[in-house]
Amino acid sequence: MSNWYVYIDSETQGPFSDEKIKEMIQSGKITNEMNVMKEGTKEWLVAGAVPELQGKTAPSKKQSPSSSPSQSQPKEDFMKNVIDEEGLCPTCGYFTGSLLTCPRCGARVKNKIALSVVKKISIIGSFIGVIFLWLAAYYKQPTLIKVAEVDEQMNGAYVTIVGKVVSYNEDEGKDTLKMKIDDGSGQPIGVNAFKKLKQIKQLFGSDENMPAVGDLVQVTGVLNITDKFGVSMFLQIPERLQVTEKFQMKEIKIGDLKKENIDEIVKLKAHIISVSERTTKKGTKMYIINLGDETGRIGMTIFEAAFEKLPPETKELLTTVGTEFETAIRIGEYRGEFQATILDYTKIKKLGTVEISEAEAASASANSGSSGFSNGMSANVKSSDIGDLNESSVNNVYKVKAGIAKFAKRKTKKGKDMYSLKLTDKTGSINVTIFDGDYNSMSASVKKIIETEGNEIEVALKISEYNGRIQGGIADVNSIKKTGTFDLDKSEDGEEESPKYKKKQDASEDAPVKKIGELTLADKGKSVKIEGAEIKFVSSNDKGMNLTLGDDSGKIKIMIWENMIEKIPGLADVEKGASISGIFAVDAYNEKLQLKIKNPKSIKIE
Amino acid sequence: MEGILVIAFSLLGTIAGGLLCLIPSLHIYNVAGIAIILWIELSNKIPYYTIGPFFMALMVSFAFINTIPMTFFSAADESAGASILPTTDMLKSGKGRDASVISGLGTFFGAVILVLLTPFVFYLAPYIYLPVRAHLHWIIGLILVFYVMSEWPKGAGRGKTPWAKFKNSWHNCFAGLLTFVLSSIIGLIITTKPLAPPEKSFQNIMPIFLGFFAFPSIIQAMMSEAKYPENQYNSKYLNCKWSDFGYGALPGTIGGLITAFIPAVTVGISAIFAGHITNHRNLRQASFEKPKNPNTAVHVHIPEIYYQQERVFLVAGGINKIIYYVGAFLFLFAITDLTPNGMGRGGMNILLKPIFSPERGDFAVMLATVFFTSSLSLLLLIYFTDWTIKIMPKINVRLVYGIVTVVLLVLLYVMGGGWMALGVAAATTCVGLIPVFFSCRRSHCMAVLLVPIALNMAGYGDAIARLLGLM
């Protein structure tokens, strides 16, 4: 006598005795396909395969619940089509898939990977994996890189950059901080902290501790590289910005300014001598402010757009004659004159007011059209003969004593007046162009001096070059002095050039061949030869063309004015993808390198 | 000459994309990454203006040809579940060819919609894009909430004890939540402190996606005991009606536009949205008949409705796919005064932006490339489908998967950043296995991008970084 367990309706029933089992078989409650297990054993068997029960069971009349109305094929054929023998239970032939135990007969299906094992691996592995990733991130140190090393594959890289802040801008409205950092390797990189300004200020505590222009900072963030805007960095976490060295600004007197101080940031204590408004060629307003201290004077220009953004108290401070203040400025230069640019208009410290004498104010106003002047600059100017001026003289100021061989009034392409002087000494000649702004700022007596051919004058000239020829501009209208008369008959005719002048033209053809990526801010002002650069981008406007050139080392922009376009064959119709070679002058605008056409005859477009 | 080169590179992109997309589990973004590296090396020899058409052709051919591995190799990426699900059932019934080609036709229909409608969207989109941009963080948050809450218990409540019944019913929902949470944590870790070395950072997302989607699919497929049934490839007809395209157009277009517009939302998520918006899932209701006798209800199950739902699903999925993959990339070229830098979305934009910036006139060239490449890709799809059906019974699928696994691991090591990439892929594979074996949605893994993006947009990214101690 044995007892049996039966697996009916998804549950184990029993134990039933032999008789009971037979009754259930006869009544049809147990069919051939059902699973039975003898008490005392652990093995489920198919009822139809048990010899003790053989012949006593009725065939099943029920359909398998797994069949669906949509299947028109017999179940066996269907199963044959979709599964192979390895997917069937070896005992009852039921489809088991990846299950370890047959759901119908309970038979152990061997040589399978248990699904439960895989599930456990996935859960446990997930937690271990997340912990591993967290640990890896926790101990990861960002890579210290130089901006010059960045390439296109580093988009999204987590890096640290150490460099000097060259520009700094807070936007309280957008809660954003933007600055540019120069690590000395190439172009500066922009660092943007969107919606983080308040947190950064809280972190640094006070304005004095905040990063400022000139400070050495260490920034860690994620690089963002785009073809259009170049490389920048997102600063997501304020704690990743550190000031490693605060910039110690030196205080300087205006009279002590030298050419080496250009682009430096210094602390200036000065008072406002005069304020005047002027309209630019584009029709916008600008404010010319002359500042002075006991040693000299310096000009400052604020354009309308920037002026309108200033708080009212700052506007009042900067437009009140006699106001003495102290602030950080960057020394610049314009047409041979030093210029001051206030770095942060919110950090101007008013010291008081001083009295400005009428003579001082009048003298400053008279020269306001020339964007300010500096006595100190004129005092430091070297003298030179015209024949000694060459390529290396460009962008420098020299005191020249020469006779006025020719004076002429002309019109520019835009219809404005301009004046040209031809100055001649025993070594050579030079053309000097005076624009109407400078001309109008001259006193009547000075005008008379320069309009009289045959006068010998001493003047400070800013040397420049135009179309490969050296020319001069008046650096300081106050420096024009009549020193005598000049014998017109002995003067050389206009077209003859001094030997050194000619050599200057040839010298540009010896310009070194360089790749775009090799150019740095140190090359500013120099000539370079670029060969086979591809034109990546072309846009035109009424003033000229903007091109982006590229080679395998990098890209650079070039601005070509309208009058230059006509001189270069094929340039007006040039398209993206064309190749350009020639001699260019390296320039920079807002710390970003760009090129100018040095020698239009050298430009070849293919 | 320029025109000829554009056509030539479009052709090259179509063929390259078509052939490489046949490899199961290899995503187009991995292929694009390799192409970008090659382009950087050859940038002196390849004209700059061919980049756009080449990568556009790559994307278009992927949108078509990836139907084949998803149908026949079950190599599903996250999009597959909501764009091509009926193909498995159709494959078993011997209708694999129908499944693949109907989906391809839907994709072609989507390409036509894209080409015809995009110029109009060009004028509308900036006005939608600009105001929406500032609010994307909570839009993404809402999408996440809807997505998590719309998963329903799939278990039948089997078990002897109440706990067993509860577990059986809800295990998939909790598994989905677990996947979501773990993926979010991984995403927050990776975005706060990317683990890839700097020189491989442009592919820093590759180990994560291969781990979440590719490797679990491969493991699942290799564990499967199923053999592929015979499918026919000789028929000159498709079991399809033109009305199926009409039904499928709206949900497909809506889903595709949602995905193309909102960052980090993919086809799977948007398809569910679109399905609910357009109610196209409830075609079955049409099967109810009026009762013949009063006070009785008759539910007549009409098989044709069921099959029509399958076809509509495939058509909508096909449209959704191309509008997402190609439309998101196409928006990059929609340069307007309001959007001077375009409105591009999607992985291809992120991959290409260091080396390519479009200009105003490029949009027309891209539209032409989309249409040209779509036509070619549809032909390729039909040919490749027939070829796949012919060779499927003869090849050892497990061997194919094994080779693909080795290829992906090598790719991961070389392009993803060495051992760290393999470690990240291992961790994410474990997380990716949860949806596979606990029957929840794989799209929960997209929390790896959605959650960090939403939190960063809302300004809480740094707070989370502090919480995780990853300063």
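Rules behind the numbers
- Residues numbered from 1 in each chain as written.
- Chains lettered and ligands numbered in written order.
- Predicted model: local features only at pLDDT ≥ 70, side-chain atom pairs only at ≥ 80, totals over all residues.
- Heavy atoms only, no water.
- Helix = DSSP H or I, 4+ residues; strand = E, 2+ residues; numbered from the N terminus.
- Buried < 20%, exposed > 50% of the residue type's maximum accessible area, 1.4 Å probe, protein only.
- Contact = heavy atoms within 4.5 Å.
- Areas by Shrake-Rupley, 256 points an atom, 1.4 Å probe, with all protein chains shown as cover.
- Pairing = 2+ DSSP bridges.
- Axes fitted to C-alpha atoms, helices over the stretch in contact; angles between N-to-C directions.
- Buried area = accessible area lost by both parts, 1.4 Å probe.
- Salt bridge = Lys/Arg side-chain N within 4 Å of Asp/Glu carboxyl O.
- Polar contact = N/O pair within 3.5 Å; in protein donor to acceptor, adjacent residues only side chain to side chain.
- Nonpolar A, V, L, I, M, F, W, Y, C, P; charged D, E, K, R; others polar.
- pLDDT = per-residue confidence, 0-100.
- Core = buried A, V, L, I, M, F, W, Y, C linked by side-chain atoms within 4.5 Å.
- Phe/Tyr/Trp six-rings, centres within 6.5 Å; stacked < 30°, edge-to-face > 60°.
- Lys NZ or Arg CZ within 6 Å of the ring centre and 35° of its normal.
- Left-handed = near helix turned anticlockwise from the far one by under 90°.

### A closer look at the overall build of chain A
Alright, step 1. Along its length, chain A carries 12 helices and 31 strands.
Alright, step 2. Per-residue burial over chain A gives 44% buried out of 606 residues.
Alright, step 3. Sequence separation of 24 or more characterises 56% of the internal contacts of chain A that already satisfy a separation of 6 or more.
Alright, step 4. Total accessible area on chain A is roughly 32,100 Å²; 50% of this is exposed by carbon and sulfur atoms.

### Topic: the sheet that holds strand 4 (residues 44–46) of chain A
All names here are of chain A.
Alright, step 1. Read from one edge to the other, the open sheet built from four strands follows the order 2-1-3-4, with strand pairing classed as antiparallel. Because the sheet does not close on itself, it has two edges, and the strands there are strand 2 (11–17) and strand 4. When strand polarity is set aside, the average angle formed by the axes of neighbouring strands in this sheet is 35°.
Alright, step 2. Judged from the three bridges that link them, strand 3 (residues 35–38) and strand 4 form a sheet pairing that is antiparallel. Within strand 4, the position partnered with Asn35 by the bridge is Val46.
Alright, step 3. In the packing of helix 1 (residues 18–27) onto the sheet, the strands contacted are strand 1 (3–8) and strand 2, and the crossing angle to strand 2 comes to about 120°.

### Some words on unusual backbone geometry
Residues and elements named next belong to chain A.
Alright, step 1. Across the junction of Gly14 and Pro15, the peptide omega takes the value 10°, indicating a cis bond.
Alright, step 2. As for its placement among the helices and strands, Pro15 is situated in strand 2.
Alright, step 3. Here Asp175, not a glycine, exhibits a phi torsion of approximately 55°, which is positive.
Alright, step 4. Relative to the elements of secondary structure, Asp175 occurs in the loop between strand 6 (158–171) and strand 7 (176–182).
Alright, step 5. For Asp175, a relative accessible area of 17% puts it in the buried group.
Alright, step 6. Positive phi values are uncommon outside glycine, yet Lys195 reaches one of about 55°.
Alright, step 7. Looking at the element boundaries, Lys195 is found in the loop between strand 8 (189–193) and helix 4 (197–204).

### Side note on the interface of chain B and chain A
Alright, step 1. On the side of chain A, 57 residues touch chain B, which itself brings 59 residues to the contact.
Alright, step 2. A combined buried area of about 5,400 Å² lies between chain B and chain A, and 60% of that area is made up of carbon and sulfur atoms.
Alright, step 3. Scanning the region where chain B abuts chain A turns up two salt bridges.
Alright, step 4. With a shortest N-O distance of 3.7 Å, Lys196 of chain A and Asp462 of chain B are connected by a salt bridge.
Alright, step 5. Linking chain B with chain A are 15 residue pairs in polar contact (both at pLDDT 80 or more), by the criterion used here.
Alright, step 6. Taken together, the elements giving at least two residues each to the side of chain B that touches chain A come down to helix 2 (28–41), helix 9 (162–192), helix 17 (419–438), helix 18 (447–458) and helix 19 (461–468) of chain B.
Alright, step 7. The residue inventory of the side of chain B that touches chain A, partitioned by class, reads 36 nonpolar, 12 polar and 11 charged.

### What about the confidence of the model for chain A?
All names here are of chain A.
Alright, step 1. Within chain A, residue pLDDT values average 78, and 82% of them lie at 70 or more.
Alright, step 2. Here residues 367–379 is a poorly scored stretch, pLDDT under 50, and it has 36 contacts once near neighbours within four places are set aside; other chains count.
Alright, step 3. Note that pLDDT drops below 50 for residues 491–507; the model gives that stretch 27 contacts with residues more than four away or on any other chain.

### So, the nonpolar core
Alright, step 1. Core analysis: the biggest nonpolar cluster contains 137 residues, and Phe55, Met56, Ile262, Phe329 and Leu352 of chain B have the highest contact counts within it.
Alright, step 2. Within the second largest apolar cluster, 28 residues are counted, among which are Val150, Ala157, Met210 and Leu223 of chain A.

### Some thoughts on the packing of aromatic side chains
Any aromatic ring pair is given by two values, namely how distant the centres are and how the planes are angled relative to each other.
Alright, step 1. Enumeration over the complete set of coordinates arrives at 20 aromatic pairs over all chains.
Alright, step 2. Aromatic pair Tyr138 of chain A and Tyr139 of chain A: ring centres 5.1 Å apart, planes at 90°, arrangement edge-to-face.
Alright, step 3. Here the aromatic cluster, defined as three or more aromatic residues joined through ring pairs, consists of Trp163, Phe166, Trp170 and Phe174 of chain B.
Alright, step 4. Across the ring face of Phe438 of chain B, the terminal group of Lys119 of chain A is positioned such that the distance to the ring centre comes to 5.1 Å.

### Topic: the pairing of strand 8 of chain A
All names here are of chain A.
Alright, step 1. Here strand 8 lies mainly inside the structure; five of its five residues are buried.
Alright, step 2. The side-chain alternation of strand 8 yields two buried faces, one formed by Ile189, Val191 and Ala193 and the other by Gly190 and Asn192.
Alright, step 3. Where strand 8 lies against strand 10 (residues 230–234), three bridges are found, and the strand directions are parallel. In the sheet register, Gly190 faces strand 10, and the bridge partner there is Ser232.

### What about the packing of helix 3 (residues 51–65) of chain B against helix 15 (residues 362–391) of chain B?
All names here are of chain B.
Alright, step 1. Running from N to C, helix 3 and helix 15 cross one another at 35°; their axes reach a closest spacing of 8 Å. Viewed along their axes, helix 3 and helix 15 form a crossing whose handedness is right-handed. Touching Gly52, Pro53, Met56, Ala57, Val60, Ser61, Phe64 and Ile65 of helix 3 are Val365, Met366, Thr369, Val370, Thr373, Ser374, Ser377, Leu378, Leu380, Leu381 and Phe384, all from helix 15.
Alright, step 2. Across the contact of helix 3 with helix 15, the residue classes break down as 13 nonpolar, six polar and no charged.

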